[in-house]
Amino acid sequence: MTLTDYTMQPLSGSSAYVLHMPVAPPVNEGWSLTVYDLHVALVPNPINRYQFSNASSLACNADGSVDIYLQANQPSNPGQAENWLATPNGAGFEVVWRLLAPRPSAH
C-alpha cells in the first residue's frame, strides 16, 4: 500500500501518475491493484472500473511491459484509457497492490 509517489509526496488526484510494470508481478496465485480515497472507499468513475488484476485485459507496450494510468479524468488516448484507474479529483488517495502467494523474488 502507498500514500506517496516516488518522491515521497502524498498522492493527489490533482496529478496524473503512471505505474510502469516491466514484467508481471512474481506471484503464484494472482495480483490486484485498487485505488481508494482516503476514507478507504472506491473512487466513483464513469466506467465503473475499480481495480486491475492478473485476469484483466491490459494494453501492453511494444516491449511487453504495461503502464497503468492513475488520474482523475479518463485519458483521451484509447490505449491509455484501457489501462486507466480513476483517482478522486483534487483529493488524496491510496493505492493497494495485493500479491497473492508471492514468489520469494517479490520480497
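As shown above, the structure is provided for reference.
Residues numbered from 1 in each chain as written. Predicted model: local features only at pLDDT ≥ 70, side-chain atom pairs only at ≥ 80, totals over all residues. Heavy atoms only, no water.

Examining unusual backbone geometry
The backbone of Val-40 shows a phi angle near 60°, a positive value even though the residue is not glycine. Note that Val-40 resides in the loop between strand 2 (27-37) and strand 3 (51-53). The exposure class of Val-40 is exposed, given its relative accessible area of 55%. Positive phi, normally seen in glycine, also occurs at Asn-48, with a value near 50°. If you trace the backbone, Asn-48 turns up in the loop between strand 2 and strand 3. By relative accessible area, Asn-48 is classed as exposed at 56%. (Helix = DSSP H or I, 4+ residues; strand = E, 2+ residues; numbered from the N terminus. Buried < 20%, exposed > 50% of the residue type's maximum accessible area, 1.4 Å probe, protein only.)

What about empty space enclosed by the protein?
Scanning the entire structure with this criterion turns up 1 cavity of 30 Å³ or more. Each pocket or cavity is described by its volume, and for the largest cavity that value is around 30 Å³. Lining the largest cavity are Val-35, Val-43, Arg-49, Tyr-50, Leu-85 and Ala-86. Considering only residue class, the lining of the largest cavity consists of 5 nonpolar, no polar and 1 charged. (1 Å grid on protein atoms, 1.4 Å probe; cavity = no way out; pocket = protein on both sides within 12 Å on 5 of 7 lines; lining within 4 Å. Points joined across faces, edges and corners; volume = space filled by probe spheres on them. Nonpolar A, V, L, I, M, F, W, Y, C, P; charged D, E, K, R; others polar.)

Looking at the sheet that holds strand 1 (residues 17-21)
Strands sit in the order 1-4-5 across an open sheet of 3 strands; the sheet is mixed. Taken across any chain shown, the strands that pair with only one partner, and hence form the sheet edges, are strand 1 and strand 5 (84-86). For this sheet, the mean inter-axis angle between neighbouring strands, taken without regard to orientation, is 20°. Note: strand 1 against strand 4 (residues 66-71), 5 bridges, orientation antiparallel. Bridge pairing in strand 4 links Met-21 to Val-66. (Pairing = 2+ DSSP bridges. Axes fitted to C-alpha atoms, helices over the stretch in contact; angles between N-to-C directions.)

Some thoughts on the layout of surface pockets
Size it by volume and the largest pocket reaches roughly 230 Å³. Considering the residues around the largest pocket, the lining is formed by Thr-2, Thr-4, Asp-5, Tyr-6, Leu-11, Tyr-17, Val-18, Leu-19, Leu-70, Phe-93 and Val-95. Broken down by element, the lining of the largest pocket gets its largest block of residues, 3 residues, from strand 1. A breakdown of the residues in the lining of the largest pocket according to their chemical character gives 8 nonpolar, 2 polar and 1 charged.

Some thoughts on the packing of aromatic side chains
Counted according to the given criterion, the structure contains 2 aromatic pairs. Note on Tyr-17 and Phe-93: the rings are 5.9 Å apart at their centroids and 70° apart in plane angle, and the pair reads as edge-to-face. Here Tyr-17 is found in strand 1, whereas its partner Phe-93 is found in strand 6 (residues 93-102), with 76 residues between them in sequence. (Phe/Tyr/Trp six-rings, centres within 6.5 Å; stacked < 30°, edge-to-face > 60°.)

Remarks on the side chain of Ser-32
Inspection of the secondary structure assignment puts Ser-32 in strand 2. When residues no more than four places from it in sequence are discounted, the contact partners of Ser-32 are Gln-51, Phe-52, Ser-53, Val-96, Trp-97 and Arg-98. (Contact = heavy atoms within 4.5 Å.)

Remember that the coordinates give geometry; whether it matters functionally is a separate question.
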